[in-house]
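Commentary on secondary and tertiary structure
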Amino acid sequence: MARTRKQQAEWRREQLLDAAMQAFARKGVDGASVKDVAEAAGVTPGLLYRYFDSKEALVETLLSERGFLPRLRELLAADHHARPATEVLTELLGAFDRLLADNADLVAVFFSATQARAALAELVGEGQRLIAGFLAARVAAGELRPHDTATAARTLFATVAIGRRTGSPVDVASLVDLLFPHER
């Protein structure tokens, strides 16, 4: 069965993102050119520009679509009020850690994305705001003790990310217990 134009365009876009991930992971975001990405995809740079306005836009798309934020939104949209906050946090951080473990190329792009630093900061900030909001709601409900939820959110994600990046993965249940020892 032949693909429609829309299906073909979606397939090509995903192919370009896959090639970008490979090129950026191999050479770093700063070291890889649009030409490198196009060559990895087996297309011309002109075709790549039909899908993405710039290399920065390509990096931003990779980070926003293939990073953890879509999964975090999905996990937090689920009704977690019936489950303890520490259980939910352990699940969220476990999912984040698995994404990092299963996507070494994405981690390499994430840590080398100086060209898209502003977009990266916004994505990370949104993830931290989502977790901080979750924590604040649980504090307001009396489930968690009052604390600086923004700092807790930054600490949780940074600890897991750095642990994965340095080859010293963190036991997420222990991390949650360390920050919220009496809530378990």
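So, a few notes on the structure that sits alongside this text. Since this is a predicted model, take the numbers as computed values, not measurements.

1. Let's talk about the overall build of the chain
- Scanning the chain from N- to C-terminus turns up ten helices and zero strands.
- Listing every helix and strand of the chain by position from the N terminus yields α-α-α-α-α-α-α-α-α-α.
- Across its three principal axes, the chain shows a C-alpha extent of roughly 55 × 35 × 25 Å.
- Within the chain, the proportion of its 184 residues that are buried is 42%.
- Of the contacts formed within the chain by residues at least 6 apart in sequence, a portion of 69% connects residues at least 24 apart.
- For the chain, the exposed area adds up to about 9700 Å²; of that, 53% sits on carbon and sulfur atoms.
- Here the chain holds 23 positive side-chain charges and 24 negative ones, and the gap between their average locations is 5 Å.

2. Focus on helix α2 (residues 34–41)
- Restricting attention to buried positions, one finds in α2 the residues Val34, Asp36, Val37, Ala38 and Ala41.
- Where α2 is buried, its residues touch α1 (5–27), α3 (45–51) and α4 (55–66).
- Gly42, located one to two residues past α2, shows a positive phi value of around 75°.

3. Some thoughts on the packing of helix α6 (residues 85–102) against helix α8 (residues 117–140)
- At their nearest, the axes of α6 and α8 sit 11 Å apart, and the two run at 170° to each other. Taken together, the axes of α6 and α8 are roughly antiparallel relative to one another. Facing Ala85, Val88, Leu89 and Leu92 of α6, the residues of α8 in contact are Ile131, Phe134, Leu135 and Arg138.
- Its residues placed into classes, the contact of α6 with α8 shows seven nonpolar, no polar and one charged.

4. Quick notes on the nonpolar core
- Counting residues in hydrophobic clusters, the biggest one holds 54 residues, and the most contacted among them are Phe24 and Ile131.
- Of all the elements, α6 adds the most residues to this core, at nine residues.

5. Some points on the environment of Ala153
- Turning to its location among the elements, Ala153 is positioned in helix α9 (residues 149–165).
- A sequence separation of 18 residues divides Ala153 from Asp171, and the C-alpha atoms of the two residues are 16 Å apart.
- The residues contacting Ala153, other than those within four sequence positions of it, are Gln128, Ile131, Ala132 and Leu135.

6. Details of the environment of Leu93
- Tracing the backbone shows Leu93 in helix α6.
- Overall, Leu93 belongs to the buried group, its relative accessible area being 2%.
- With 67 residues separating them along the chain, Leu93 and Val160 place their C-alpha atoms 7.4 Å apart.
- Residue contacts for Leu93: discarding those within four places in its chain leaves Leu156, Phe157, Val160, Val172, Leu175 and Val176.

Reading the values: rules and limits
- Residues numbered from 1 in each chain as written.
- Predicted model: local features only at pLDDT ≥ 70, side-chain atom pairs only at ≥ 80, totals over all residues.
- Heavy atoms only, no water.
- Helix = DSSP H or I, 4+ residues; strand = E, 2+ residues; numbered from the N terminus.
- Buried < 20%, exposed > 50% of the residue type's maximum accessible area, 1.4 Å probe, protein only.
- Contact = heavy atoms within 4.5 Å.
- Areas by Shrake-Rupley, 256 points an atom, 1.4 Å probe, with all protein chains shown as cover.
- Lys, Arg positive; Asp, Glu negative; His and termini not counted.
- Charge placed at Lys NZ, Arg CZ, Asp CG, Glu CD.
- Axes fitted to C-alpha atoms, helices over the stretch in contact; angles between N-to-C directions.
- Parallel < 35°, antiparallel > 145°, perpendicular 65-115°, else oblique.
- Nonpolar A, V, L, I, M, F, W, Y, C, P; charged D, E, K, R; others polar.
- Core = buried A, V, L, I, M, F, W, Y, C linked by side-chain atoms within 4.5 Å.

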